[in-house]
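# Structural overview for review
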Amino acid sequence: EGFFSMGKHFWSIRFWHISVRIYTFLIPFFLVIPGEHLRICPQEYTCCTSEMEDKLSQQSKLEFENLVEETSHFVRTTFVSRHKKFDEFFRELLENAERSLNDMFVRTYGMLYMQNSEVFQDLFTELKRYYTGGNVNLEEMLNDFWARLLERMFQLINPQYHFSEDYLECVSKYTDQLKPFGDVPRKLKVQVTRAFIAARTFVQGLTVGREVANRVSKVSPTPGCIRALMKMLYCPYCRGLPTVKPCNNYCLNVMKGCLANQADLDTEWNLFIDAMLLVAERLEGPFNIESVMDPIDVKISEAIMNMQENSMQVSAKVFQGCGQPKPAPALRSSRSIFDLFSLSLSLNQVTDIKEKLKLSKKFWSTLPYTICKDERVTAGASVEEDCWNGHTKARYLPEIMNDGLTNQINNPEVDVDITRPDTFIRQQIMALRVMTNKLKNAYNGNDVNFQDTSDETSGSGSGSGCTDDICPTEFDFITTEAPPVDSDRREVEASATQPGCSLHTLLVIFLTLVLQRRWR
């Protein structure tokens with residue numbers, strides 16, 4: 001008694017234990033009852049009361065929700081884990097490129113670089129801010145970097161002069177005209193903008209895919225769907241046929257009716273996946289981020305060497321345009337040959353993501369087939385006669401409905417209001433459509449404006465932007481019990497008009513209800 005007094009859930013279990021004892025006592029005298037009281041199952045001789053039918057309906061709803069969540073686990077974890085991996089890869093790439101440049105320039109220029117290192121630090125800070133969704137214009141930022149570098153370099157190659165702020169501003173105006181760094185700034189601008197636009201949009205696409213998959217997999221079945229689920233999953237129990245599983249085609253019509261709105265997501269989802277694959281090709285092509293960031297230290301070094309080699313011509317033209325500067329104490333400058341550095345990172349990450357994305361195409365329209373293929377749910381496609389068709393153990397005759405909401409107007413199993421599309425699903429369709437357009441723009445090299453998500457989406461560290469409850473790790477698996485079926489049970493042969501409800505059938509029903517209460 002003390003154990004059951006610990007909470008209301010235990011009292012509920014005790015109540016059902018008592019009920020089992022009572023029904024066990026009554027079974028020898030009252031195996032079946034007329035089914036006129038049933039509202040969902042066939043109104044023939046039955047083992048179930050109205051209360052049992054209501055409880056089993058709720059159990060059907062719970063099992064359906066778990067089945068959808070379990071079946072969508074792959075597509076959800078694909079976006080979660082690949083977003084995390086790509087984000088880690090990209091951040092490490094930036095950090096290694098910055099570290100490589102700093103190490104090279106410290107060895108080459110020593111104090112001269114260290115005194116001007118903020119110019120290069122600001123470059124990487126702005127690149128990181130752009131990647132995390134910050135409001136950064138890449139072209140303007142790169143132009144500003146080269147202008148600032150020209151100002152600093154001009155002072156270093158002309159240490160005999162003193163330059164005022166106004167004079168240095170005049171110098172920076174000659175950046176495009178004189179091309180003191182050769183063709184490096186133009187080439188680097190094209191490469192960096194294309195690569196960073198593709199990378200940022202790609203990681204944002206992984207974020208949107210993750211959010212849509214998480215949201216859509218949380219289904220809320222309609223009353224008509226719940227009735228159809230109960231009739232398919234548990235009415236065989238009430239009819240005394242606990243080992244007879246639903247026919248495969250019967251299951252498909254039920255699932256297509258219950259998941260009609262999710263199927264409508266499929267067209268936009270497929271377009272979104274195609275756009276993601278296009279941008280992934282950009283990340284692997286000539287503008288891939290690794291080939292841009294890996295030798296960025298060498299490219300900037302090449303630009304500085306061009307400036308040093310053309311220093312006399314550049315200085316003469318600047319003096320001609322901006323005037324002769326005032327003399328100043330001389331400063332020592334240095335010059336060196338540069339070593340090549342390479343990163344150990346690989347774009348295998350992108351190839352892996354592409355393969356996983358391809359597998360997620362047509363996911364929402366094939367979701368009913370995936371669920372009904374589960375041997376825990378149906379008798380299988382090969383079993384056409386010895387299966388539950390919604391009324392008895394026999395072949396399921398109605399045709400299979402097509403996918404989508406409008407095609408469910410004549411669904412024989414689920415009452416679907418095709419005039420009222422699910423607004424929540426329509427919002428996800430719009431989110432995918434907007435993201436697809438951004439991905440197409442990124443593929444064409446056009447910059448895409450994003451809300452600053454540096455604190456919301458990427459954050460620090462891995463930048464997965466997930467909480468533990470909605471972003472399971474790649475190796476976590478959701479396990480869900482289907483309608484309980486005992487492998488040792490013998491099939492109960494019963495007539496179509498008056499099946500016998502065995503003690504075993506009643507116990508299975510009650511155990512199901514007890515477990516349902518306990519899970520709550």
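A brief report on the enclosed structure follows. Quick caveat, the model's predicted, so the values are computed rather than measured. (Residues numbered from 1 in each chain as written. Predicted model: local features only at pLDDT ≥ 70, side-chain atom pairs only at ≥ 80, totals over all residues. Heavy atoms only, no water.)

## A word on the state of the cysteines
This is how the line gets drawn: The disulfide criterion is simple: two cysteine sulfur atoms within 2.5 Å. The helix and strand labels rest on DSSP assignments: H or I over at least four residues marks a helix, E over at least two residues marks a strand, and numbering proceeds from the N terminus. Buried residues are those whose accessible area, probed at 1.4 Å on protein chains only, stays under 20% of the maximum for their type, while exposed residues exceed 50% and partly exposed ones sit between those limits.
Following the criterion strictly, the structure yields six disulfides and no others. Between the sulfur atoms of Cys-41 and its disulfide mate Cys-235 the distance is 1.9 Å. Here the S-S torsion is close to -90 degrees, and the disulfide linking Cys-41 with Cys-235 is therefore left-handed. Linking Cys-41 in the loop between helix H1 (8-26) and helix H2 (50-71) with Cys-235 in helix H11 (residues 235-238), this pair joins segments that are 194 residues apart in sequence. We classify Cys-235 as buried; its relative accessible area is 0%. Paired by a disulfide, Cys-251 and Cys-372 hold their sulfur atoms 2.0 Å apart. Taking the sign of the torsion about the S-S bond as the criterion, the disulfide between Cys-251 and Cys-372, at about -85 degrees, is left-handed. Linking Cys-251 in helix H12 (residues 248-258) with Cys-372 in helix H19 (residues 363-372), this pair joins segments that are 121 residues apart in sequence. The pair formed by Cys-251 and Cys-372 is uniform in burial state, with each residue classed as buried.

## Notes on the nonpolar core
Note the following rule: Side-chain atoms within 4.5 Å link the members of a nonpolar core, which is a set of buried Ala, Val, Leu, Ile, Met, Phe, Trp, Tyr and Cys residues. Residue contacts follow a heavy-atom distance rule, with two residues in contact if any of their heavy atoms lie within 4.5 Å.
Phe-86, Phe-120, Trp-269, Met-293 and Ile-300 are the most contacted members of the largest nonpolar core, which has 124 residues in total. Here this core takes 15 residues from helix H9 (residues 184-216), the largest share from any one element. Once residues within four sequence positions are removed from consideration, Phe-120 is found in contact with Leu-101, Phe-105, Tyr-113, Phe-145, Leu-149, Ile-300 and Ile-304.

## Regarding the pattern of salt bridges
Cut-off, in case you're wondering: We define a salt bridge as a contact between a side-chain nitrogen of Lys or Arg and a carboxyl oxygen of Asp or Glu at a distance within 4 Å.
Applying the stated rule across the entire model yields 22 salt bridges. The salt bridge involving Arg-152 is made with Glu-118; its shortest N-O contact spans 2.8 Å. Residue Arg-152 is located in helix H6 (residues 138-157), and its partner Glu-118 is located in helix H5 (residues 117-131); the two are separated by 34 residues in the primary sequence. Given the relative accessible area of 27%, Glu-118 is considered partly exposed. Here Glu-384 and Arg-395 are joined by a salt bridge, their closest N and O atoms 2.7 Å apart. Here the residue Glu-384 occupies a position in the loop between H19 and helix H20 (423-443), and Arg-395 occupies one in the loop between H19 and H20, the gap between them amounting to eleven residues. Under the relative-accessibility criterion, Glu-384 is labelled partly exposed at 39%.

Honestly, it's all geometry; don't read function into it.
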